[in-house]
Amino acid sequence: MSTGADQGWNPYTGEPAGPRVPHATEEEVDRFARAAQGAAPAFAALPLTQRAGILLAAAAAIEAHRDELVALADSETGLGAVRLGGELTRTRVQLEMFAEMVLEGSFLEAVVDLPDPNALPAPRPDLRRMLLPLGPVAVFSASNFPFAFSVAGGDTASALAAGCPVVVKAHSGHPGLSVRTGQVVRAALAEAGAPDGTFAVLHGTDAGRKLVQHPAITAAGFTGSLGGGRALYDLANGRPDPIPFYGELGSLNPAVITPGAIASRGTDVIRGFVGSFTLGAGQFCTKPGLLFLPKGHGLDDALAQAVAEATVGPLLNKRIRKGYAETAAALSAVPGVRAVVAPTEVDDPGFRVAPMVLAVAATDLVARADELLEECFGPAALVVEYGSAGELEAALDVLPGSLTATLHADPETEDELARRLLDRFAGRAGRLIWDGWPTGVAVAWAMQHGGPWPATTNALHTSVGMTGIRRWLRPVTYQNVPDVFLPEALREANPLRIPRRINGVLTLPA
């Protein structure tokens, strides 16, 4: 296992930011994972009130260090204090909402089927089922959300809420922030009574590989590149004891504009699209990378004007800037592609790039899907021009799975087309957006942030919102177990006062 260190870089200047952070050794990975394994039974056994208190303590600590953490994040990501301040708030709110969820108790999915000697086709024993924590979870931080998908982000919050210790593999793009956030969270958890080993942060790509293979780790969450996520997914599945790997990898997020929408509000739609795909310098996982427009739309000038007026900050790091330039050049060279806003070089300091908009016929997209359906991470988009509803639907059929799919249509004159498109979207995306734009990711019960491959490795779950906790839990049924030995959630008196389903009927505590 190689040794090294992560160096943060200032995207505004291209200069180093902060000291180098050493990678974890193989011995340290083993120590962190085994400490989490040792903490797992005690952490899972804590009263739900104390587990919620631990989450609230982490939230309060992050808020108390807001100014310090936001400034540190900006120095390593260039995302700006306003954006980062909002993201810190989201991170705090996630922890607070999961604390509320823990106290409410329905996440345990407690189900009781009382014994029935007259049940058909055979007598039924006493059956009681609930969800239990898996055990230690590995969380891999993302580069583009240094708070909400990082050390104390949604994966960490939901895993802790489930009762699982967490070992975080920090992202190399913001190592200094990861160190400091880890210190803040670890101190808060310890003060709130979390067992030693409940939370840890380590650094290094090789350390991350070792972590996902460690026998103490029972599941892993990842947000990042398709290549990196696929490699870890294969490691997780290649273990002697394979574990669930919940990866969010890549997404083109198509947006379809119908002729009716163009006729009624074409210019407004274009402005909304440009605002969305350039937001955060195009580094959101839900960035709409494909815009389907009817042929003869006449909106090239409006697209170019809106792009010229957009304010685009630097990319997160040198590697992303290099990848953006290479992918832009490759897409531009595909036969049939024309430039609406051609890729250009930027001489400004740091990791800045210029937005790009290319266009291609829907029939060419179908013919050259392998070359054109590549995510260009950054402020880039591909306009796909269709000549008929048949061409549009054929082009949609070759798209890979996405996190989102957007539709702008006239509900009065295009109802049949809109229904067909929404049905198609539902088969290929996790969230369908009508007359709006991504990102729009809300930390809520109804949010689905996931989708078919390659958007995620498991389309059954979400990495945002309250039901994300389901990834770190597994069902266990207790048959004819005496009441005194049952978990509190399943005991006859329902001492936790949580919602339960009894003989198929949802029952709320009195």
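See the structure shown above.
In this text, all values refer to a predicted model and were calculated from it rather than measured experimentally.

Caption draft 1: Spatial organisation of the overall build of the chain. Across its full length, the chain carries 15 helices and 19 strands. For 510 residues, the compact-globule estimate of 2.2 N^0.38 gives 24 Å, and the chain sits close to it at 24 Å. For the chain, the spread of C-alpha atoms along the three principal axes comes to 75 × 60 × 40 Å. For the chain, the proportion of its 510 residues judged to be buried stands at 53%. Considering only residue pairs separated by 6 or more positions, the chain has 76% of its internal contacts joining residues 24 or more positions apart. For the chain, the computed accessible surface area is about 20600 Å², with 55% contributed by carbon and sulfur atoms. Distance between charge centres in the chain, computed from 41 positive and 53 negative side chains, equals 5 Å.

Caption draft 2: Expanded view of the side chain of N253. By secondary structure assignment, the location of N253 is in the loop between β9 (245–248) and β10 (254–257). Those residues in contact with N253 that sit more than four places away from it in its chain are C285, T286, K287, P288, G289, L290, S402, L403 and T404.

Caption draft 3: Spotlight on the sheet that holds strand β7 (residues 199–202). Overall, parallel pairing links the five strands, which are arranged β7-β6-β5-β8-β9 in an open sheet. Looking at the sheet topology across the chains shown, the edges are occupied by β7 and β9. Neighbour-to-neighbour, the strand axes of this sheet turn through a mean angle of 15°, independent of strand direction. Pairing between strand β6 (residues 166–169) and β7: four bridges, direction parallel.

Caption draft 4: The nonpolar core, seen in detail. By size, the foremost hydrophobic cluster in this structure holds 107 residues, and its most contacted members are F292 and L365. Among residues more than four places away in sequence, those in contact with F292 are P254, A255, V256, I257, L365, V384, Y386, L392, A395, L396 and L399. L291, L303, V341 and A381 belong to the second largest nonpolar core, which has 22 residues in total.

Caption draft 5: Fine view of the sheet that holds strand β17 (residues 473–479). Read across the sheet, five strands follow the order β17-β4-β3-β18-β19 without closing on themselves; strand pairing throughout is mixed. The strands lining the two open edges of the sheet, one partner per strand, are β17 and β19 (505–507). Going across the sheet, the axis of each strand differs from the next one's by a mean of 25°, ignoring polarity. Bridge count for strand β3 (residues 111–113) against strand β4 (residues 127–133) is three bridges, and the pairing is antiparallel. Paired with V112 across the strands is R128, a residue of β4.

Caption draft 6: How the structure looks around the environment of N317. Along the chain, N317 turns up in the loop between α10 (300–309) and α11 (318–332). When the C-alpha atoms of N317 and S143 are compared, they prove to be 9.0 Å apart, with 174 residues separating the residues in sequence. Within the structure, the side chain of N317 is placed 2.8 Å from the backbone nitrogen of I320, a separation counted as a polar contact.

Caption draft 7: Spatial organisation of helix α8 (residues 226–238). Its 13 residues place the ends of α8 18 Å apart at the C-alpha level, agreeing with the 18 Å of an ideal helix rising 1.5 Å per residue. Of all the residues in α8, the buried ones are G229, L232 and A236. End-on view of α8: buried residues confined to an arc of 70°, all on one side of the axis. Opposite its buried face, α8 presents the exposed residues G227 and G238, each directed more than 90 degrees away. Along its buried surface, α8 packs onto β5 (137–140), α7 (205–213), β8 (219–223) and β9.

Caption draft 8: Expanded view of the pattern of salt bridges. With the rule as written, the count across this model stands at 24 salt bridges. Note that R230 and D234 form a salt bridge whose closest N and O atoms lie 3.0 Å from each other. With R230 and D234 both in helix α8 and four residues apart, this pair spans about one turn of that helix. Residue classification places R230 among the partly exposed positions, given a relative accessible area of 39%. For R338, the salt bridge identified is with D300, shortest N-O distance 2.7 Å. You can see R338 sitting in strand β12 (residues 338–341) and its partner D300 sitting in helix α10, a full 38 residues away along the chain. Under the relative-accessibility criterion, R338 is labelled partly exposed at 33%. By sharing partners, the salt bridges in this structure join E393, D397, E416, R420 and R424 into a single network.

The rules behind these values
- Residues numbered from 1 in each chain as written.
- Predicted model: local features only at pLDDT ≥ 70, side-chain atom pairs only at ≥ 80, totals over all residues.
- Heavy atoms only, no water.
- Helix = DSSP H or I, 4+ residues; strand = E, 2+ residues; numbered from the N terminus.
- Rg over C-alpha atoms; globule rule 2.2 N^0.38 Å.
- Buried < 20%, exposed > 50% of the residue type's maximum accessible area, 1.4 Å probe, protein only.
- Contact = heavy atoms within 4.5 Å.
- Areas by Shrake-Rupley, 256 points an atom, 1.4 Å probe, with all protein chains shown as cover.
- Lys, Arg positive; Asp, Glu negative; His and termini not counted.
- Charge placed at Lys NZ, Arg CZ, Asp CG, Glu CD.
- Pairing = 2+ DSSP bridges.
- Axes fitted to C-alpha atoms, helices over the stretch in contact; angles between N-to-C directions.
- Core = buried A, V, L, I, M, F, W, Y, C linked by side-chain atoms within 4.5 Å.
- Polar contact = N/O pair within 3.5 Å; in protein donor to acceptor, adjacent residues only side chain to side chain.
- Expected span 1.5 Å × (residues − 1).
- Arc of directions from axis to C-beta.
- Salt bridge = Lys/Arg side-chain N within 4 Å of Asp/Glu carboxyl O.

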